[in-house]
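Tertiary structure, described
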Amino acid sequence: MNRMIDILAELGSRLQGFGSDEHTSHVVTEAIELNEWFSREDILMAVDAIREEFLCREKLQQWAAQYTKARRSATVAIIMAGNIPLVGFFDLLCTLMAGHRAAVKPSSKDRVLTNYIISLLRDISPNIPICAFDPDLAYDKVIATGGDEAARHFRQRYASIPSLVRGSRHSIAVLDGNESEDELQALQRDIFTYNGLGCRNVSLIFLPEGAALKLAPPKMGEMYRGNYRHCKAILSMLGQPYTDMGECIAINDKAFSANISQINYCHYHQIEDVERWIAEHDTELQCIVSKAIAHPRAVTFGRAQYPALSDYAAGVDVMKFLTELDMKIYDFNKPVDRRGSHCVKYDALNNFFGREDLLPLWVADMDFETPDFIIEAMRRRLDHAVLGYATQYDGYWDSIISWIESHHGWKVEREWMRYIPGIVKGIGMVINALTEKGDKIIIQPPVYHPFHHVPEQNGREVVMNPLRFTGEGYEMDFEQLEQIIDPKCKILILANPHNPVGITWSRETLCRLAEIATKHNIVVISDEIHCDMALYGNKHIPFASVSEAAASCSITFGAPSKTFNIAGVVSSYAIVSDPTLQEKFFSWLSANEMDMATIFAMTATEAAFTQGEEWRQQMLSHIEGNIDYVETYLKENIPAVKIIKPQASFLVWMDFSALGLEHSALIKLLEDEAHLALNDGAMFGIGGEQHTRLNVGTQRAVLEQAMTQLKQAIDKLK
């Protein structure tokens, strides 16, 4: 690495005074002609930031000391974005520092500056390992950056090799009202540098209650002003209120701005409110400009565009990705013959459908091999010849606690937790421990069918609070919920994330539900079995974590079984933080010896939660690709059939209502003509008619066959 540090430090020296001589001034002019969003000031600032933060010998040495070169040299494809000047340089720097060969694909909008930097590096070291990207060649690793749509394409395109793919990110500022004039001036640079095109420029500002937003935008380029005029015209036509700041539009909205020339702002009552918002949106944030917030990605005013070497984009350590041992690539398209393994999905087709010639896409487990590290952990346990009574050891519980905190930001205490022999069984246990026959249980259909069957078969009355369809998706109907509650309503069963619709409920929704539940002394059972399968950048929020009210009224169920495809290993757990609920429920579990974890439940859970992150990420990428495939296929070939794109899980809610068939005729069509075994939407209750649930946790070839059979069956209707 020392030789590369010498080269990079020399590059820094050569960039001193960039833009001040005729040659580099011409480079700047060419870069602006290629990308009209760029300005001379932006380009000079980008080069200055790179020189100051990335090419300083002392900073490079200190940063590099924590890494070692990769054990073998690889060829890394670097696909760069072009939204800000030289945005892809850091990936090039890391690749060279790691000892790899860089195959560079500059953005068509930033190739002048990128090629100029590469020419300087070649002049310093003619044999520097940099070459041009060739889409027809195979690469060992890929780093690709772009918007969210481009990121989805990259994930699918490079799913078979180790890849670091980044989508859109945003930056915010949090003010406390005590900022100096110099700090506010510096904030102007954080907002307006790069003309709103960068992930590090601030587009959302949090202000204390009563504080006014004061901005004095600098004179911007013509492209920016064109966007500003367009934005004003659209907002005026829509009648949406805004503040004209002269060169930008300010809107009171707690969301990321969609327009380049638009700044959003909102007021907060307590700084804790902002901290909760940040925790909920952390995966969308790049940096936070503030002196009021303690956060790993917080920066001081004026430094948003000067990231340090360790300020990794999207929070992913690029050097670790490049220098770590080659990660294992899992093949989720590998055929797996499950027939004859006594699995419900295949071997019980005749029991449930009366025939065996259907393509099974119903039961909510996946057709992928259970991860090898789980199988190996269980095999190692089998090396000991005695399978006697097992104690619930610390490593088992610690793995769950650590996973929940690192993935969902919820710090769970050991005394809040108990093993349970399955979540559906757990629902029955809570009902028997906390209610009497004749009490009422509220569910929110269309929803997982045991939510209805278990209470009813235990002698309780089921009360419906159906989800409200908005035309685009579903939401909770709180008005109707308040109307149906009476003193006999004791429990509400929540699917979080929702099954079958795939909703990751918002913090606001969960807080509102908690308020209603505590007001009426209702216990919420939150089934969070799909919590680790949030998709497309969505985030799961544990119900009990949103407020004190939610914590006081809830029992949370979780398990690694859906995520890691180990449903046959009963590995569920309950979390209850409220002492009164703990006493009622945990004492019932203990009295009936229902809280004794089995050897393999503990072994599989610990392996999943300590070794499973890479497998989970690759699996979710495959699931997203399968959902995108189904969505695109239907739009292009069967537009009458639509899906609600899930925010979590591998289950897709399909809407066949536009076909105009009676529900029974629809099911007959799917089974007799399409030869598909899907979950009948009617089983999920009110709102399920004309719908089915499709399991996309399978190989792509299986989905392609399913879509072909579906199209052929529907074509016959015409």
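Residues numbered from 1 in each chain as written. Predicted model: local features only at pLDDT ≥ 70, side-chain atom pairs only at ≥ 80, totals over all residues. Heavy atoms only, no water.

This next bit is on the packing of aromatic side chains. As enumerated under the stated definition, the model contains 25 aromatic pairs in all. Centroid distance Phe 54 to Phe 90: 5.1 Å. Interplanar angle 45°. Geometry classified as tilted. One end of the pair, Phe 54, is in helix α3 (residues 40-54); the other, Phe 90, is in helix α5 (residues 89-97), with 36 residues separating them in the sequence. Its relative accessible area of 9% is what places Phe 54 among the buried residues. Residue Phe 90 is classed as buried on the basis of its relative accessible area of 11%. Taken together, Tyr 330, Phe 332, Phe 368, Trp 403, Phe 564, Phe 609 and Trp 615 form an aromatic cluster joined through their ring pairs. The aromatic ring of Phe 321 is capped on one face by Lys 141, whose charged end is 5.0 Å from the ring centroid. Sitting over the face of the ring of Tyr 536, Lys 645 holds its NZ or CZ atom 4.6 Å from the ring centroid. (Phe/Tyr/Trp six-rings, centres within 6.5 Å; stacked < 30°, edge-to-face > 60°. Helix = DSSP H or I, 4+ residues; strand = E, 2+ residues; numbered from the N terminus. Buried < 20%, exposed > 50% of the residue type's maximum accessible area, 1.4 Å probe, protein only. Lys NZ or Arg CZ within 6 Å of the ring centre and 35° of its normal.)

What follows concerns the environment of Asp 672. The residue Asp 672 is located in helix α25 (residues 663-673) in this model. In this structure the C-alpha to C-alpha distance between Asp 672 and Ile 32, which are 640 residues apart in sequence, comes to 62 Å.

Below, the discussion takes up helix α7 (residues 148-157). Those residues of α7 not exposed but buried are Ala 151, Arg 152 and Phe 154. Considered in projection along α7, the buried side chains sweep an arc of 165° and stay on one side of the axis. Against β1 (75-79), β4 (141-145), β5 (163-166) and α24 (613-637) lie the buried residues of α7. (Arc of directions from axis to C-beta. Contact = heavy atoms within 4.5 Å.)

On to the sheet that holds strand β14 (residues 417-420). The strand order across the open sheet built from 7 strands is β14-β22-β21-β20-β19-β15-β16, with neighbouring strands paired in mixed fashion. The open sheet has two edge strands, β14 and β16 (461-464), and neither has a second partner. When strand polarity is set aside, the average angle formed by the axes of neighbouring strands in this sheet is 25°. In terms of strand pairing, strand β21 (residues 554-558) meets strand β22 (residues 572-575) through 3 bridges, oriented antiparallel. Residue Gly 558 lies in a different strand from β22, and its bridge partner there is Tyr 573. Packed on one face of the sheet, helix α15 (residues 394-408) meets β14 and β22 and runs near 110° to β14. The sheet strands contacting helix α22 (residues 579-591) are β14, β20 (523-527), β21 and β22, and the helix crosses β14 at an angle near 35°. (Pairing = 2+ DSSP bridges. Axes fitted to C-alpha atoms, helices over the stretch in contact; angles between N-to-C directions.)

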